[in-house]
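Here's the letter readout for the chains.
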Amino acid sequence: MLDQLFPSKTEKISFVTILLGANDSSLLEMNPKQHIPLAEFKLNLIQMVDYFQNLKQDNDNKVAVFLFTPPPINEEAWIQSMKSRASSSDVIDRSDRSDEEVKKYADCVLEVASITGAYPVDLYGEMKKSSDWKNYLEDGLHLSSLGNKFLFENLMKSIQLNASHLSYHNLPMEFPDWKTVDSNHLESSLQIKK
């Protein structure tokens, strides 16, 4: 399916981010529709990374792949979220996910990054270092605005550490700097740089 979404040669893709595992690590007995067995998850992830790393850009540079580990789960908050969405006849007495299971998928992502040469962004490990990591999650599972900021900051750190040529500081601007725009000749001064 990836080959239908992304052509085999592209000049537009410099890097790809992949964040999987939060739904895949659902407990089989509680959420069989979303659960993906760990071995299958690993194989799928390796195939995705391989596909993107083998995309050729017009300049023959490889596409950089950044692999995010899934964030930890706050099981208590997720149970409350599940209950708030359930119908009155549903009995929710435990989470369909566990932090212990998510950790296995996070470790798998780090292993795949090591095997494939993709660049890891360890959301799970970095969040768990913070005493207020639960604030990074909106409902126990999905990232809050603070969690999204945390994700962005960690991606920027990984780019700077592993692929600094992709840092926004080092990328050419397509449009002119606002200081050079001629307000009397807007159209001509706002031309995209080739």
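This is a predicted model, so every value here is computed, not measured.

1. Re the pattern of salt bridges
Side chains that differ in sign of charge can pair as their charged atoms come close. Tallied over the full model, the rule gives eight salt bridges. Notably, a salt bridge pairs Glu29 with Arg94, separated by 3.0 Å at the nearest N-O pair. With Glu29 in the loop between strand S1 (15–19) and helix H2 (38–53) and Arg94 in the loop between helix H3 (75–85) and helix H4 (99–116), this residue pair connects regions lying 65 residues apart in the sequence. Glu29 sits in the exposed class, given a relative accessible area of 55%. A relative accessible area of 37% places Arg94 in the partly exposed class. With a closest N to O distance of 3.2 Å, Glu101 and Lys104 form a salt bridge. On the criterion of helical spacing, the pair formed by Glu101 and Lys104 is a turn pair, its members being three residues apart in helix H4. Given a relative accessible area of 16%, Glu101 falls into the buried group.

2. Description of the packing of H2 against H4
Axes are the key here: two packed helices are described by the angle between their axes and the distance separating the axes. Closest axis-to-axis distance for the H2/H4 pair is 10 Å, and the angle between their directions is 35°. Both H2 and H4 take part in a crossing whose hand is right-handed. Here Leu38, Phe41, Lys42, Leu45, Ile46, Val49 and Gln53 of H2 lie close against H4, whose contacting residues are Lys104, Tyr105, Cys108, Val109, Glu111, Val112, Ile115 and Thr116. Class assignment of the residues belonging to the contact of H2 with H4 gives a composition of 10 nonpolar, two polar and three charged.

So, how was this worked out
Residues numbered from 1 in each chain as written. Predicted model: local features only at pLDDT ≥ 70, side-chain atom pairs only at ≥ 80, totals over all residues. Heavy atoms only, no water. Salt bridge = Lys/Arg side-chain N within 4 Å of Asp/Glu carboxyl O. Helix = DSSP H or I, 4+ residues; strand = E, 2+ residues; numbered from the N terminus. Buried < 20%, exposed > 50% of the residue type's maximum accessible area, 1.4 Å probe, protein only. Axes fitted to C-alpha atoms, helices over the stretch in contact; angles between N-to-C directions. Left-handed = near helix turned anticlockwise from the far one by under 90°. Contact = heavy atoms within 4.5 Å. Nonpolar A, V, L, I, M, F, W, Y, C, P; charged D, E, K, R; others polar.

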